[in-house]
Amino acid sequence: MTAGPRLVVVGDPAGRRVAFFQDALRTAGLSEARVVSWPEVLRGRARFTAGETVRLDSPGEDVEADRLLRGIDDPTRVEGTGLWYERFLAAVSGLARSVTGAGAVLVDDPAELAALFDKRLSHGLLRAAGVPVPESPTSGPSAPAVRGWEELRSSTARAGLRRVFVKLAHGSSASGVLALESNGAGRVQATTSVERGPDGRLFNSLRVRRYTSEREVAAIVDALAPDGLHVERWLPKAVQDGRAADLRVVVIDGRATHAVVRTSRSPMTNLHLGGARGDLGAARAAITAAGGRWTDALEVCERASAAFPGTRCVGVDLLPATGWRRFAVGEVNAFGDLLPGLTGLPGSGAEGLDTYAAQVAAQFPDSRAPDSRTRGTTAPAAHITRPTPVPRTAHTTSTARTTGTSTT
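Below, the structure is looked at part by part. (Residues numbered from 1 in each chain as written. Predicted model: local features only at pLDDT ≥ 70, side-chain atom pairs only at ≥ 80, totals over all residues. Heavy atoms only, no water.)

All told, the structure shown has seven aromatic pairs when counted by the stated rule. Pairing Trp 84 with Phe 88 gives two aromatic rings, centres 4.6 Å apart and planes at 20°, and the pair type is stacked. Here Trp 84 pairs with Phe 88, and both are found in helix H4 (residues 81-101), just four residues apart, close to one helical turn. Measuring from ring centre to ring centre gives 5.3 Å for Phe 88 and Phe 117, while their planes differ by 70°; the resulting arrangement is edge-to-face. (Phe/Tyr/Trp six-rings, centres within 6.5 Å; stacked < 30°, edge-to-face > 60°. Helix = DSSP H or I, 4+ residues; strand = E, 2+ residues; numbered from the N terminus.)

See below:
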């Protein structure tokens, strides 16, 4: 190992993300990072020293961090994301002051996390930058809040929206998401992984279910609303092998480097909810057959990333419309790089590198090329360079937390 930079990663010491990042450092010939846990940060015990470079990773796999952030002992509970957001931003702000005061450096701009972890703010920034996004009555900081079922019904009716996604503004991993449909007769149906207990508490379940009673749907929405809701048009997705399909695209330093197709028989494509990885080659062929270009799809993701110029790596949820002709951005994830075994796209500069190795190569281009035997490539990967910036125009429990992680 070379002496290299003095790195610190703030994350879950026992989690997969930290393990993958440490593996990427070792493979690049760099020393392992010192690990600081999120509970240390949240309790004000984290310390940094001059010359260190500090990377923030997700607190989502850390049960104790989740308890401290949401104030709820059961990690399968849905509620508490509003408190999570407030406490997380306060913790990151304090951490940034501590890092700067010690003479250390943060890898990313912590101020951008406020928008990346608020779907309403993120959606507004993307729309203002000319990035195609689903229509939304809650987009941007000046949009009215949705404080319950009646306000949700009113806002969607005014916008002429009969099929919408209702999302926790600060949620992730499909926690609290409802795919909501209504008809002219006033009947409603919600598809969701939320399970409502007899006492009204909400839990994340591994089983996607449908609620057809307006009373039940209203009760769920009313229970979610205090944490903040984002509402957007449910766009009909492209289909692959009879399953709805979307893509997670990782953008590192402004360049799309990794992509995976996610397919599902339900509106949610997350793998922990029964989604499956699809065929990327088939998706590219479908785009070409529809008269489009794969590079145009990646360019949409790069434009979305450019709305957050201080964040070096994001995961963009790209929604291909029916027929694979058009694309919209569903979300931009601050910690959207957990894609085990996925190597870089041809021509991306990250060929043969997983998402963590690609980030290391981008940040430390003078480190040695990864060993092909450990990274599954037959030739040294090229260094990643930043392109010219794009102009802005009783329940079954899930292991996924409600916030702070992105389970694809």
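Time to look at the nonpolar core. One finds Phe 48 and Val 329 to be the most contacted residues of the largest nonpolar core, which totals 58 residues. Top element by residues in this core is H4. It accounts for eight residues. If sequence neighbours within four positions are ignored, Val 329 has contacts with Leu 126, Val 131, Pro 132, Val 133, Pro 134, Val 300, Ala 304, Val 316, Asp 317 and Leu 318. One finds Ala 33, Val 360, Ala 361 and Ala 362 within the second-largest nonpolar core, a separate group that totals 25 residues. (Core = buried A, V, L, I, M, F, W, Y, C linked by side-chain atoms within 4.5 Å. Buried < 20%, exposed > 50% of the residue type's maximum accessible area, 1.4 Å probe, protein only. Contact = heavy atoms within 4.5 Å.)

By the burial criterion, the buried members of helix H9 (residues 280-289) are Leu 280, Ala 283 and Ile 287. Considered in projection along H9, the buried side chains sweep an arc of 60° and stay on one side of the axis. The exposed set on the far side of H9, more than 90 degrees from its buried face, consists of Thr 288 and Ala 289. Its side-chain oxygen placed 2.9 Å from the backbone nitrogen of Gly 281, Asp 279 serves as the N-cap of H9. Trailing H9 by a residue or two, Gly 291 shows a phi angle of about 90°, which is positive. (Arc of directions from axis to C-beta. Polar contact = N/O pair within 3.5 Å; in protein donor to acceptor, adjacent residues only side chain to side chain.)

As paired strands, strand S5 (residues 163-168) and strand S6 (residues 178-182) are joined by four bridges and run antiparallel to one another. By the bridge assignment, Phe 165 is partnered in S6 with Ala 179. Strand direction decides the pairing type here: S6 and strand S7 (residues 188-196), joined by five bridges, are antiparallel. Residue pairing across strands places Ala 179 opposite Thr 191, the latter belonging to S7. (Pairing = 2+ DSSP bridges.)

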